[in-house]
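A structural walkthrough
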Amino acid sequence: MDVNAVMVVIFVVMIVSMLLLLYFFYDYIVYVIIVLFCIAAAAGIHACLTPLVEKIPFGMYKIPKSKSSKCAQVEVRSLVLALLSLTFCALWFVYRHEEWSWIMQDMMGVAFSIHLLKSIRLPNFKICFILLGVLFLYDIFFVFITPYFTKSGESVMVQVATGGGGAKEQIPIVLKVPRFAFSPYNVCNGVQFSLLGFGDILVPGLLVAYACRFDFKVQSGKVYYIATSIAYGVGLVICFVALFFMQIGQPALLYLVPCTVGTMAVIGWKRRELKHLWNGHRVNSHFH
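Here's what I pulled together on the structure shown here. Only a predicted model underlies this, so the values are computations on that prediction, with no experimental measurement involved.

Before going further, it helps to spend a moment on the overall build of the protein chain. Helix and strand counts for the protein chain stand at 11 helices and 2 strands. Each helix and strand of the protein chain, placed in order from N terminus to C terminus, yields the pattern α-α-α-α-α-α-β-α-β-α-α-α-α. Sequence separation of at least 24 residues holds for 66% of the intrachain contacts in the protein chain that already meet a minimum separation of 6. Roughly 16900 Å² of accessible area belongs to the protein chain as shown, and the carbon and sulfur atoms make up 71% of that amount.

Among the structural elements, Asn124 can be located in the loop between helix H4 (101-119) and helix H5 (125-145). Within the local environment of Asn124, its side chain forms a polar contact with the backbone nitrogen of Ile127, the two atoms lying 2.9 Å apart. Ignoring anything within four residues of it in the chain, the contact list for Asn124 reads Tyr210, Leu277, Trp278, Asn279 and Gly280.

The full count for this structure, using the stated rule, is 2 salt bridges. As a salt-bridge pair, Glu169 and Arg96 come within 2.7 Å of each other at their nearest N and O atoms. Pair noted here: Glu169 is in the loop between helix H6 (156-162) and strand E1 (174-178) and Arg96 is in the loop between helix H3 (76-94) and H4, with a separation of 73 residues, a long-range link. Glu169 gets classed as buried once you look at its relative accessible area, which sits at 7%. What makes Arg96 buried here is its relative accessible area of 18%. For the salt bridge of Glu273 with Arg271, the shortest nitrogen-to-oxygen distance reads 3.2 Å. Judged by its relative accessible area of 0%, Glu273 falls in the buried class.

A cluster of nonpolar side chains, Val32, Val35, Leu36, Ile39, Leu91, Phe93, Val94, Tyr95, Trp100, Ile103 and Met107, forms an exposed patch at the surface whose accessible area comes to about 1000 Å². Contributions of two or more residues to the nonpolar patch are made by helix H2 (26-53), H3 and H4. If one sorts the elements of the nonpolar patch by residue count, H2 sits on top with 4 residues. Considering the arrangement of structural elements, one finds Val32 in helix H2. A relative accessible area of 44% means that Val32 is categorised as partly exposed.

Our focus in this paragraph is the nonpolar core. In terms of nonpolar packing, the biggest core is built from 64 residues, with Phe125 and Met264 touching the most fellow members. In this structure, Phe125 is in contact with Leu207, Tyr210, Val261, Met264, Ala265, Leu277 and Trp278, ignoring residues within four places of it in sequence.

Summed over the entire model, instances satisfying the criterion amount to 12 aromatic pairs. Relative to Phe24, the ring of Tyr23 has its centre 5.1 Å away and its plane inclined at 80°; by these criteria the two rings are edge-to-face. Since its relative accessible area comes to 22%, Tyr23 is described here as partly exposed. In this structure an aromatic cluster arises from ring pairing among Phe37, Trp92, Phe112 and Phe198. The aromatic ring of Phe93 is capped on one face by Arg96, whose charged end is 4.3 Å from the ring centroid.

Take the packing of H4 against helix H8 (residues 199-218) next. For the pair H4 and H8, the least separation of the axes is 10 Å and the interaxial angle reads 30°. Considered as vectors, H4 and H8 are oriented roughly parallel to each other. Pair H4 / H8 crosses with right-handed handedness. Across the interface between the two elements, Phe112, Ser113, Leu116 and Leu117 from H4 touch Ile201, Leu202, Gly205 and Leu206 from H8. Within the contact of H4 with H8, the residues separate by chemical class into 6 nonpolar, 2 polar and no charged.

What counts, and at which threshold
Residues numbered from 1 in each chain as written. Predicted model: local features only at pLDDT ≥ 70, side-chain atom pairs only at ≥ 80, totals over all residues. Heavy atoms only, no water. Helix = DSSP H or I, 4+ residues; strand = E, 2+ residues; numbered from the N terminus. Contact = heavy atoms within 4.5 Å. Areas by Shrake-Rupley, 256 points an atom, 1.4 Å probe, with all protein chains shown as cover. Polar contact = N/O pair within 3.5 Å; in protein donor to acceptor, adjacent residues only side chain to side chain. Salt bridge = Lys/Arg side-chain N within 4 Å of Asp/Glu carboxyl O. Buried < 20%, exposed > 50% of the residue type's maximum accessible area, 1.4 Å probe, protein only. Patch = residues over 30% accessible without salt bridge, like charges linked within 9 Å, V, L, I, M, F, W, Y side chains within 5 Å. Core = buried A, V, L, I, M, F, W, Y, C linked by side-chain atoms within 4.5 Å. Phe/Tyr/Trp six-rings, centres within 6.5 Å; stacked < 30°, edge-to-face > 60°. Lys NZ or Arg CZ within 6 Å of the ring centre and 35° of its normal. Axes fitted to C-alpha atoms, helices over the stretch in contact; angles between N-to-C directions. Parallel < 35°, antiparallel > 145°, perpendicular 65-115°, else oblique. Left-handed = near helix turned anticlockwise from the far one by under 90°. Nonpolar A, V, L, I, M, F, W, Y, C, P; charged D, E, K, R; others polar.

Rendered as structure tokens:
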């Protein structure tokens, strides 16, 4: 599915609305998010493992359907995979409060992210620039500006991501990495985690995916893809360094967007392909 400017606006309005709903009605909305995450993650696991399952030389029998059914016939092996995917997500749901559950959550999150990146495409650099630019401002506003308007003095983004400290549940739309550094605080309060939101993966990931497709169009030897992938890694390192020194939540897109968008724009300008990169047209590359 290709994304256009109208869809970008609708998407931004939706995520702002959801963030505010979570902020004001966290104890209720969080359970909706958890259930939706389980469903989406199960679909992602199924989509990611389907190519492997299709190599299995048995279970190819298709389940018969009734004459009135309009659904396509399903292979037994695909149905088994769907049940196993749902079971995996259900197990995480049951044991989500255990200290080791972050491993399952990260696996579900990675599968979900891969599936979404396969399903959604940005058609040109212009849409990439609009989407990343708007979310760049969104991230900065809800992390650095909103503390001036909240009673607690904590940003809306951080409070929603962490559950505000007193919440029994946390939204699972993040990757969690344990902080292995020893401190007396960790002994008293259990394992502490660094969080990376799915938006910080998916939004730059859509740009990297577009870079890969553009490389294929112009036969550039993956120069855009490799450069933006490295730029993403550099931006992530800078973000974690800033987090370490400032000891406050950081809007990852503040670092990821300039690194990835800037790198891609500079390469396009250097290769004299910026206009074609912006519009997403098929061109002959000037450099090989």
